[in-house]
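# Analysis of the macromolecular model
In case you want the letters, here they are:
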Amino acid sequence: MQKFRNIAAFSTIPSYFTLDPNQISARNPHKAQNFLRGKWIDSHKYQTIIDPLNGEPFITVPDVQDRQELQKFIDSAKECPISGLHNPLKNPQRYQLYGEVCHKIAAELKKKEVHDFLVKLIQRVVPKHFAQASGEVVVTERFFQNFSGDQPRFLTRSFNVAGDRPGQQSSGYRWPYGSCAVVAPFNFPLEIPSLQIFGALITGNKVFFKGDSRVNVVMEQMLRLALHCGLPATDVDMLFGNGEATEFILRQGNFRNTQFTGSSKVAEHLTKVLNGKIRIEDAGFDWKILGPDVPDVDTQNYVAWQSDQDAYGSTGQKCSAQSILFVHENWVKAGFLDKIKQLASTRKLQDLSNGPIITWNNTQIKQHIDNILKIPQSKVLFGGQELKNHTIPSIYGAFEPTALYVPLEQIQKNKAVTTELFGPFQIVTTYASDQINQVLDVINNLENHLTAGIVSNDVNFLRHVQSNTTNGVTYSGIRARTTGAPQNHWFGPCGDPRGAGIGTPEAILSVWTCHREIIHDIDLAPQGFKGQQS
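Cut-offs and rules
- Within any chain, residue numbers begin from 1 and follow the written order of that chain's sequence.
- For a predicted model such as this one, the threshold for reporting local features is a pLDDT of at least 70, and the threshold for listing and counting side-chain atom pairs is 80 or more; totals across whole chains, interfaces and linings nevertheless cover every residue.
- By convention in this description, side-chain values take in all heavy atoms of the structure and omit both hydrogens and water.
- UniProt positions are given in the numbering used here, feature names are shortened, and annotations may be inferred rather than shown by experiment.
- Secondary structure elements follow DSSP: runs of H or I no shorter than four residues count as helices, runs of E no shorter than two count as strands, and numbering proceeds from the N terminus.
- What makes a salt bridge here is a side-chain nitrogen of Lys or Arg within 4 Å of a carboxyl oxygen of Asp or Glu, nothing more.
- Relative accessibility decides the category of a residue: with a 1.4 Å probe and only protein chains considered, values under 20% of the type maximum give buried, values over 50% give exposed, and everything between is partly exposed.
- Grouping buried Ala, Val, Leu, Ile, Met, Phe, Trp, Tyr and Cys residues that are joined through side-chain atoms within 4.5 Å yields what is termed a nonpolar core.
- Whether two residues touch is decided by their heavy atoms; if any such pair falls within 4.5 Å, the residues are in contact.
- The arc under discussion is defined with respect to the helix axis, by the directions toward the C-beta atoms.

### Considering the UniProt feature "domain: Aldehyde dehydrogenase" (unreviewed entry) in the chain
Under the feature "domain: Aldehyde dehydrogenase" (unreviewed entry), the UniProt entry names residues 40-476. As annotated, residues 40-476 comprises 39% helix and 19% strand, and the C-alpha atoms at either end are separated by 46 Å.

Dropping the structure here:
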């Protein structure tokens, strides 16, 4: 086992949890369960999950493929009425119920033993630095704080508009879809599913949830915590299963809305399969521009540190990770490239500041690098080598934090340059002030527009870049970043009508509710009324 920051053996583990993250191993594997109609259930078939740090089998999860088993999830989804489990006119007391559930969940997550349990469990299935895993738990806890008490009903507040005569009034409501689905990725196994599932639930929807089987044990345990806190047991179903099984349920379940977070390829496929009834937060080839103004040395060091965090934090496995960096020539002269090289060299497997790459293996990574190095004048700035002396299994990648330089004029000539490698990898290029519009051309021809960073305090430069780009989350100013999906601001793509946000009131209303207008017209007709044809 690799040596990384250890959370000591737990003195107490809350009774609603069913494993010890420090103890799961080949000798003591955890057996996960599906959740359906308020009950934990086993499956006829199971799949073995291996430890991403040493390759040992340490978790078994249901691998549901039998159509009869899958049909039960479909039948459960269809039981939800089209008007939802609650709405502003039906079962409004459930808004209060969910305010109380969220309050209790937040209180549980704030407890040190619960925080540490979830941090350790996240690290076991998707190894990342303690600070990264802890941040995920903290953001989740704050989300539940934000939607405690009366906030669920405040969230879906209605409005009225006066009519044309007495007794007439129009009322606008935020209405649930009814039966919905959430499909979540591996990289944030607690935060993404928790925020999306509960965004759907508090607005009156019933949820079918499918996470990545390699990491979904985290949500299995989180769901047990939520049930302990009063979550109505039949409001959520959860499946461990492969893509084929999930697609079968999504096709047959007649879900009125599916929220998908993951790869662009799968997102496009599901858009067709589900006839467009989908909201997506897919891949992001995210960019950062260092503007012409170079600040004091301390701030330069901060910008370099933030750039290292954005590109290589969580081993670069964030949809918001810095994929391409445009460095103004003034920053090059100030030694910026040397600073980020030095910072990257300090990342190591021992503390999980670098770790297994879950969706790319070393062969694929090496081929990608070689393809880019065929471009004229491209070169390795740092990294580019496989890790040595480790036990990461070969199905995963194990690579040094890497930066490749590609000349600005070559970027749009080769699609490999702007293909997202979901790992510790970035493209770096340089530009002069008179080339900023060429930089913008590159940016605006990217397929996805999720996050961006404009590192400058030059107001005219900021306005020029902001007004000519469209990324949904744009960090702006000398301390701008690209990563960060906290609970206090919108996080989601821009420029795509399918784009899904997460975590904020605006995101929840956009993704999980639709607008309904009811026009009240209750006064009796005037005495002696005779209508005229028109």
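Picking up where we left off.
### Some points on the pattern of salt bridges
Across all of its chains, the model carries 19 salt bridges by this definition. Here Lys110 ties to Glu141 by a salt bridge, and the two come within 3.3 Å at their closest N and O atoms. One end of the pair, Lys110, is in helix H2 (residues 93-110); the other, Glu141, is in helix H4 (residues 130-146), with 31 residues separating them in the sequence. Note that Asp521 is salt-bridged to Arg165, the shortest N-O span being 2.6 Å. Separated by 356 residues along the polypeptide, Asp521 in strand S20 (residues 513-521) and Arg165 in the loop between strand S6 (159-162) and strand S7 (168-176) bring together distant segments of the chain. Overall, Asp521 belongs to the partly exposed group, its relative accessible area being 39%. The exposure class assigned to Arg165 is partly exposed, which follows from its relative accessible area of 47%. Three or more residues joined by partner-sharing salt bridges are found here, namely Glu268, Asp496 and Arg498.

### Concerning the nonpolar core
Counting 129 residues, the largest nonpolar core has Ile105, Phe198, Trp287 and Phe326 as its most contacted members. Once you skip the residues sitting within four places of it in the chain, Ile105 turns out to touch Phe144, Phe198, Met222, Leu225, Ala226 and Cys229. The next biggest cluster of nonpolar side chains, apart from the first, holds 22 residues, and it includes Leu36, Ala181, Phe208 and Phe260.

### A closer look at helix H12 (residues 336-345)
Each α-helix winds once per 3.6 residues, and so residues spaced three or four apart point in a common direction. Listing the buried residues of H12 in full gives Phe336, Ile340 and Ala344. The buried residues of H12 occupy one face: seen down the axis, they fall within an arc of 70°. Opposite the buried face of H12, at more than 90 degrees from it, the exposed residues are Asp338 and Ser345. Elements in contact with the buried residues of H12: strand S13 (286-290), helix H10 (297-312), strand S14 (322-328), helix H11 (329-333), strand S15 (379-382) and strand S17 (425-431).

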